[in-house]
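# Architecture at a glance
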Amino acid sequence: MMKAWVINEFGIDNLAFEDREKPQAGSGDVVVRLRSASLNYRDFMVVTGTYNPRMKVPAIPVSDGAGEIVEVGSNVAKWKVGDRVMPIFAQHWFDGETSEEKRRTSLGAGSQWDGVLREYAAFHEESLVKIPESLSFEEASTLPCAGVTAWNALSVSGNVKAGETVLTLGTGGVSIFALQLAKLFGARVIATTSSESKMAKLKELGADETINYRVREDWDSAVLEITEKKGVDHVIEVGGGDTLGRSLTSVRLGGHVAMIGALSGPAGFNPISVFMKAVRLQGIFVGSRKMLEDLCKAVEVNRMKPVIDRVFEFDEAREALKYMQSGSHFGKIVLRIS
Ligand SMILES: NC(=O)c1ccc[n+]([C@@H]2O[C@H](COP(=O)([O-])OP(=O)(O)OC[C@H]3O[C@@H](n4cnc5c(N)ncnc54)[C@H](OP(=O)(O)O)[C@@H]3O)[C@@H](O)[C@H]2O)c1
């Protein structure tokens, strides 16, 4: 038997710590002993029922994990016992564009593709990526969704170049990865946040300019002042309703807005600036196994360390989700599965 966190009914306090049957490796599968999981805002939405109120339960939440292989099924060529691996976010999305079929294989949002908040899980051998040597299990567990999303936004969709300017919003998991990767690519970063203490942390991580969006509610004007009215080349847009209009003011003519999230709710926005400024507005849906593999290479070569705000123990999943809800974190929230 093993322990797993299970959604039987929505709500953080309803999350149940249950005994489940330990999985076995079928043909082409391996069993992974999960050692760490990291939270994304999506996991908070899944648990509270705001991601998909019709989601089938019982279901095990959380998409991002890392662990070691403890059993190898027949017909497995890629892996051996002891290998350190991460399951990919969408289990059937290996390369190329996404599709409805691939998107449906995303972990942690329904009973068909149970998530990683459990001690053991079986995965198909093709649906895993090797953990970079330079990362711990905790660090690796932050990559499959948040890291890959930032990679997709900047490297794939954005094709960001040294010397360009990137605007990041807030200091959650995706935005902090975007800051780190943008600096790695040689870009200038303007980062917004809600507090003075987080501004100092952003500077330590390499942000060139920071804006407190509570002090400067017209933070788009501040961005234009910093860029001498030109605007930024890329916006990592995670805010949605409250931020998209100002993001469109902040972006330069012909610039790129990576549409990633809706932390403040859905956006009803004025489309005029999109065409008048010939903005490229690109929706981002996490990314493929290839993107995670490419991110891992970049992480390893540059010894880049994911920013972990706090590590909770496995039996503290409810506390970890409530901490995410508070919005006081900077970077990633991780659960150690020992
Ligand atoms: N499309 C995709 O593939 C994809 C993948 C991953 C995430 N997402 C989405 O992207 C968003 C961010 O996800 P995450 O996991 O990084 O979240 P997170 O770690 O929970 O980020 C929360 C942080 O965002 C900042 N924030 C909150 N409201 C804001 C606002 N109105 N304006 C600016 N900043 C705000 C706050 O930082 P400060 O206190 O510093 O302001 C807060 O601490 C979510 O909507 C999530 O669903 C989408």
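Residues numbered from 1 in each chain as written. Predicted model: local features only at pLDDT ≥ 70, side-chain atom pairs only at ≥ 80, totals over all residues. Heavy atoms only, no water.

### With respect to the overall build of the chain
Counting its regular elements, the chain contains 11 helices and 15 strands. Its C-alpha atoms give the chain a radius of gyration of 20 Å, within 12% of the compact-globule value 20 Å for 338 residues. Principal axes of the C-alpha set define a box for the chain whose edges measure 60 × 40 × 35 Å. Taken across its 338 residues, the chain has 54% of its residues classed as buried. Sequence separation of 24 or more characterises 68% of the internal contacts of the chain that already satisfy a separation of 6 or more. In the chain, the 40 positive side-chain charges and the 43 negative ones have mean positions that sit 3 Å from each other. (Helix = DSSP H or I, 4+ residues; strand = E, 2+ residues; numbered from the N terminus. Rg over C-alpha atoms; globule rule 2.2 N^0.38 Å. Buried < 20%, exposed > 50% of the residue type's maximum accessible area, 1.4 Å probe, protein only. Contact = heavy atoms within 4.5 Å. Lys, Arg positive; Asp, Glu negative; His and termini not counted. Charge placed at Lys NZ, Arg CZ, Asp CG, Glu CD.)

### Examining the site of the ligand
Neighbouring the ligand are 26 residues; Thr-171, Thr-193, Ser-194, Tyr-213 and Val-286 lie closest to it. A distance of 2.6 Å is found between an oxygen atom of the ligand and a side-chain nitrogen or oxygen belonging to Thr-171. Ile-260 is positioned with one of its backbone polar atoms (N or O) 2.9 Å from a nitrogen atom of the ligand. Starting from 940 Å² of accessible surface for the ligand in isolation, the protein chains cover 88%. For the shell around the ligand, the secondary-structure elements that each account for two or more residues are α4 (143-157) and α5 (173-184). Counted by class, the shell around the ligand contains 12 nonpolar, 13 polar and one charged residues. Split by domain, the residues of the shell around the ligand number at least three in each of domain 1 (2-142 + 306-336) and domain 2 (147-283). (Near = heavy atom within 4 Å. Polar contact = N/O pair within 3.5 Å; in protein donor to acceptor, adjacent residues only side chain to side chain. Areas by Shrake-Rupley, 256 points an atom, 1.4 Å probe, with all protein chains shown as cover. Nonpolar A, V, L, I, M, F, W, Y, C, P; charged D, E, K, R; others polar. Domains from an automatic or database assignment.)

### Side note on the domain arrangement of the chain
Once the domains are mapped, the chain shows domain 1 (2-142 + 306-336) and domain 2 (147-283). Just the C-alpha atoms count here: the centres of domain 1 and domain 2 sit 28 Å apart. When the buried surface of domain 1 facing domain 2 is broken down by residue, Tyr-41, Val-307 and Phe-330 rank first, second and third, together holding 53% of it. The tally of links between domain 1 and domain 2 comes to zero salt bridges. If you look at where domain 1 meets domain 2, you find four residue pairs in polar contact (both at pLDDT 80 or more). (Buried area = accessible area lost by both parts, 1.4 Å probe. Salt bridge = Lys/Arg side-chain N within 4 Å of Asp/Glu carboxyl O.)

### Digging into a nonpolar patch on the surface
Side chains of Ile-272, Phe-275 and Met-276 sit close together on the surface and give an oily, nonpolar patch of about 350 Å² of accessible area. Within the fold, Ile-272 resides in helix α9 (residues 272-276). On the basis of relative accessible area, Ile-272 is assigned to the partly exposed category, the value being 44%. (Patch = residues over 30% accessible without salt bridge, like charges linked within 9 Å, V, L, I, M, F, W, Y side chains within 5 Å.)

### A look at the packing of aromatic side chains
Within this structure, the stated rule accounts for seven aromatic pairs. Look at Tyr-41 and Phe-44: their rings are 5.5 Å apart centre to centre, the planes differ by 40°, and that puts the pair in the tilted class. Remark: Phe-44 and Tyr-41 occur in helix α1 (residues 41-48); sequence separation between them is three residues, near one turn of the helix. By relative accessible area, which is 33% here, Tyr-41 ends up partly exposed. (Phe/Tyr/Trp six-rings, centres within 6.5 Å; stacked < 30°, edge-to-face > 60°.)

### Points about the packing of α4 against helix α10 (residues 289-302)
Axis separation between α4 and α10 bottoms out at 9 Å; the angle between their running directions is 90°. Between α4 and α10, the angle falls in the class roughly perpendicular. Taking contact as the criterion, the partners of Leu-143, Pro-144, Gly-147, Val-148, Trp-151, Asn-152 and Val-156 in α4 are, on α10, Met-291, Leu-292, Asp-294, Leu-295, Cys-296 and Ala-298. For the contact of α4 with α10, the residue count by class is 10 nonpolar, two polar and one charged. (Axes fitted to C-alpha atoms, helices over the stretch in contact; angles between N-to-C directions. Parallel < 35°, antiparallel > 145°, perpendicular 65-115°, else oblique.)

### A short note on the nonpolar core
Membership of the largest hydrophobic core comes to 62 residues, with the highest contact counts inside it found for Met-86, Leu-143, Leu-154, Leu-167, Ile-236, Leu-292 and Leu-295. Top element by residues in this core is α4. It accounts for eight residues. Both domain 1 (2-142 + 306-336) and domain 2 (147-283) contribute no fewer than three residues apiece to this core. Residues in contact with Leu-154, not counting those within four places in the same chain, are Asn-159, Val-160, Val-166, Ala-178, Leu-181, Ala-182, Phe-185 and Ile-236. Of all hydrophobic cores here, the second largest spans 38 residues; its members include Val-76, Val-85, Val-116 and Leu-117. (Core = buried A, V, L, I, M, F, W, Y, C linked by side-chain atoms within 4.5 Å.)

### Topic: the packing of α4 against α5
Put simply, α4 and α5 touch, their axes get as near as 8 Å, and they point 50° apart. Looking at the two axes, α4 sits oblique to α5. As for the relative orientation of α4 and α5, their crossing is right-handed in sense. Across the interface between the two elements, Leu-143, Ala-146, Gly-147, Thr-149, Ala-150, Trp-151 and Leu-154 from α4 touch Gly-173, Val-174, Phe-177, Ala-178, Leu-181 and Ala-182 from α5. (Left-handed = near helix turned anticlockwise from the far one by under 90°.)

### Considerations on the environment of Lys-3
With respect to the helices and strands, the residue Lys-3 is situated in strand β1 (residues 2-6). Note: C-alpha distance between Lys-3 and Glu-119 (116 residues apart in sequence) is 5.9 Å. Ignoring anything within four residues of it in the chain, the contact list for Lys-3 reads Phe-17, Glu-18, Asp-19, Arg-118, Glu-119 and Phe-314. Separated by 3.2 Å, the side chains of Lys-3 and Asp-19 make a polar contact.

### Section: unusual backbone geometry
A negative phi angle is the norm for most residues apart from glycine, just as the trans form is the norm for most peptide bonds. The linkage connecting Val-57 with the following residue, Pro-58, adopts the cis geometry, with an omega of 0°. For Pro-58, the position within the fold is in the loop between α1 and β4 (64-72). Despite not being glycine, Val-62 shows a phi value in the positive range, around 85°. Mapping Val-62 onto the fold places it in the loop between α1 and β4. At Asn-75, a residue that is not glycine, the phi angle is positive and equals roughly 60°. Checked against the element boundaries, Asn-75 lands in the loop between β4 and β5 (84-87).

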